Amino acid sequence: MRKPALYSPSARSGPAPVPGEPAVAVPADGMAAPAPVRGRWRRWLTDVRGLWVALLLLAALLAASVWWQRAQGPRALTQKDIDAAVLRTLTTQNLPSAAARAAAKIRPAVVRVESFANNRKGEEVEQSVGTGVVIVDTGLILTNLHVVQSAERLRLVFADGSESGATVTTVQPQNDLAVLQAHTLPDDLHAATLRGTGDLLPGDQVVAVGYPFGIGPSTSAGVISGFGRSFRAPEGQQDIENLIQFDAAANPGNSGGPLVTMDGEVVGIVTGILNPTSHRTFVGIGFAVPIESAAAAAGLPPF
């Protein structure tokens, strides 16, 4: 029986038409016709939707991360963090010295004390310049008796530059001390903090603040050299006992000023300097009345 002939499909022949679909013409050269415009739009919309989904997922992850960090709260400081911050401050900041801090603390309570008297012509002239320290904010001031002795008028100049007259209320000649009462007070008068000398030792650092030769307020620093010293000023009539010896520079004008610790607390009232010559300048030995005696002169409770 003869078999029917078989033919291979022609390359030019297109796919069989699907029922219900319009036939697509195949070009004579065999190339497929461009895809319909509607197909391209579908693909583009699909790509854009994928991009939006990716962006939304990224935003959700970011929001979840922020919420988690807030829920956990700030990280607690550790000792390592504190040590690092302190070290950074010490290496990048110039901190004031202990003497500078002590002087800054006492300076608002330091007062310039000027005494006036009439000369033979009846003219008022400045007799001396010394220092005082406010010990009660009602205007009570400690100074040396030799600063105000025989004065006919006293003038105080406070740390803020304001001025006032003053009256001597109490004297303690054996310790060369005088207590003054200011007539007019500044708006914000600072009183010094007083400290007993019982726990002080030779070698402890101290600062003297005052008006040497009328210049100031000036600051000098040194150490306590000893306790229980005696001193007689060239013009004095008796020895002053139980004094603190110190080596912070002091000169005429420092008399009556405070001797303070590195905490800025008053432990003595500067009263004199030792000089074997008549020049009355500092050679390394100064004396201060302990605050226990000075406070007793002002009627304050003992330490």
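Source: prediction; values computed, not measured. (Residues numbered from 1 in each chain as written. Predicted model: local features only at pLDDT ≥ 70, side-chain atom pairs only at ≥ 80, totals over all residues. Heavy atoms only, no water.)

K.L.:
How should I be thinking about the side chain of T271 in this particular structure?
P.N.:
Topologically, T271 is positioned in strand 11 (residues 266-273). The class of T271 is buried, set by a relative accessible area of 5%. In terms of polar contacts, T271 uses its side chain to reach the side chain of D176, at 3.0 Å. In this structure, T271 is in contact with N144, H146, N175, D176, I240, L243, S255, F287, A288 and V289, ignoring residues within four places of it in sequence. (Helix = DSSP H or I, 4+ residues; strand = E, 2+ residues; numbered from the N terminus. Buried < 20%, exposed > 50% of the residue type's maximum accessible area, 1.4 Å probe, protein only. Polar contact = N/O pair within 3.5 Å; in protein donor to acceptor, adjacent residues only side chain to side chain. Contact = heavy atoms within 4.5 Å.)

K.L.:
What is the right way to look at the pairing of strand 11 in this model?
P.N.:
Along any regular strand, the residues point their side chains to alternate faces of the sheet. Of all eight residues that make up strand 11, eight are buried, and the element is covered over most of its length. Here three bridges tie strand 10 (residues 258-260) to strand 11, and the two strands are oriented antiparallel to one another. Within the sheet, the bridge partner assigned to V260 lies in strand 11 and is V266. In this structure, the hairpin formed by strand 10 and strand 11 is closed by a connection of five residues, where G264 is found at a positive phi of approximately 80°. Pairing between strand 11 and strand 12 (residues 286-290): five bridges, direction antiparallel. Looking at strand 12, one finds that G268 is bridged to P290. (Pairing = 2+ DSSP bridges.)

K.L.:
What am I meant to see in the pattern of salt bridges here?
P.N.:
Once the charged atoms of two side chains with opposite charge are near each other, the side chains can pair. Overall, the coordinates contain five salt bridges when judged by the stated rule. The partner of E114 in a salt bridge is R155, and the shortest N-O contact between them spans 2.6 Å. Of this pair, E114 sits in strand 1 (residues 110-118) while R155 sits in strand 4 (residues 153-157), placing them 41 residues apart in sequence. Overall, the relative accessible area of 25% leaves R155 in the partly exposed class. Where D199 meets R195, a salt bridge forms, and the shortest distance between an N and an O atom there is 2.9 Å. Residue class for D199 comes out exposed when judged on its relative accessible area of 51%. Bridged by salt links that share partners, the residues R112, E114 and R155 form one connected network. (Salt bridge = Lys/Arg side-chain N within 4 Å of Asp/Glu carboxyl O.)

K.L.:
How should I be thinking about the sheet that holds strand 3 (residues 140-144) in this particular structure?
P.N.:
What the six strands build is a closed barrel, ordered 1-2-3-6-5-4; its pairing is antiparallel. With direction set aside, neighbouring strand axes in the sheet form an average angle of 40°. (Axes fitted to C-alpha atoms, helices over the stretch in contact; angles between N-to-C directions.)

K.L.:
How should helix 3 (residues 98-106) be read in this particular structure?
P.N.:
In an α-helix there are 3.6 residues to a turn, and that puts residues three or four apart on one side. Within the sequence span of helix 3, burial applies to A99, A102, A103 and I106. On an axial view of helix 3, the arc spanned by its buried residues comes to 95°, and they lie on one face. Of the surrounding secondary structure, the elements contacted by the buried residues of helix 3 are strand 1, strand 2 (124-136), strand 7 (205-210), strand 8 (218-231), strand 10 and strand 11. (Arc of directions from axis to C-beta.)

K.L.:
Mind showing me how you'd approach the sheet that holds strand 10 here?
P.N.:
Sheet strands associate in pairs through backbone hydrogen bonding, adopting either a parallel or an antiparallel arrangement. Strand order in the closed barrel made by the six strands is 7-8-9-12-11-10, with antiparallel pairing throughout. Sheet twist, expressed as the average angle between the axes of neighbouring strands with direction ignored, equals 50°. Note that strand 9 (residues 240-246) and strand 12 share three bridges and pair antiparallel. Considered in strand 12, the bridge of Q245 is made with F287.

K.L.:
Just checking my understanding: could you explain unusual backbone geometry for this structure?
P.N.:
Excluding glycine, residues mostly carry a negative phi; peptide bonds, for their part, are mostly trans. The step from G216 to P217 runs through a cis peptide bond, and the omega angle for that step is 10°. Positive phi values are uncommon outside glycine, yet S150 reaches one of about 65°. Mapped onto the secondary structure, S150 falls in the loop between helix 4 (145-148) and strand 4. Phi at F213 is positive, roughly 55°, even though this residue is not glycine. F213 gets classed as exposed once you look at its relative accessible area, which sits at 55%.

K.L.:
Even after reading the chapter, I still don't get a nonpolar patch on the surface, so can you show me in this structure?
P.N.:
A contiguous nonpolar patch, built from L51, W52 and L55 and spanning about 350 Å² of accessible area, is present on the exposed surface. Among the structural elements, L51 can be located in helix 1 (residues 37-72). (Patch = residues over 30% accessible without salt bridge, like charges linked within 9 Å, V, L, I, M, F, W, Y side chains within 5 Å. Areas by Shrake-Rupley, 256 points an atom, 1.4 Å probe, with all protein chains shown as cover.)

K.L.:
What should I look at first to understand the pairing of strand 1 in this one?
P.N.:
Of all nine residues making up strand 1, eight are buried, and the element is well covered by its neighbours. In this sheet, strand 2 lies alongside strand 1 in antiparallel orientation, the contact comprising nine bridges. Bridging from a neighbouring strand, S115 pairs with S128 of strand 2. Counted between consecutive antiparallel strands, the loop separating strand 1 from strand 2 contains five residues, among which G122 sits at a positive phi close to 80°. Sheet topology note: the strand 1/strand 4 ladder contains five bridges and is antiparallel. Residue R112 lies in a different strand from strand 4, and its bridge partner there is V157.

K.L.:
What is the right way to look at the side chain of Q245 in this model?
P.N.:
With respect to the element layout, Q245 can be found in strand 9. When its relative accessible area of 14% is taken as the criterion, Q245 is described as buried. Here R229 takes part through its side chain, which lies 2.6 Å from a polar atom of the side chain of Q245. Ignoring anything within four residues of it in the chain, the contact list for Q245 reads V223, I224, S225, G226, R229, I285, G286 and F287.

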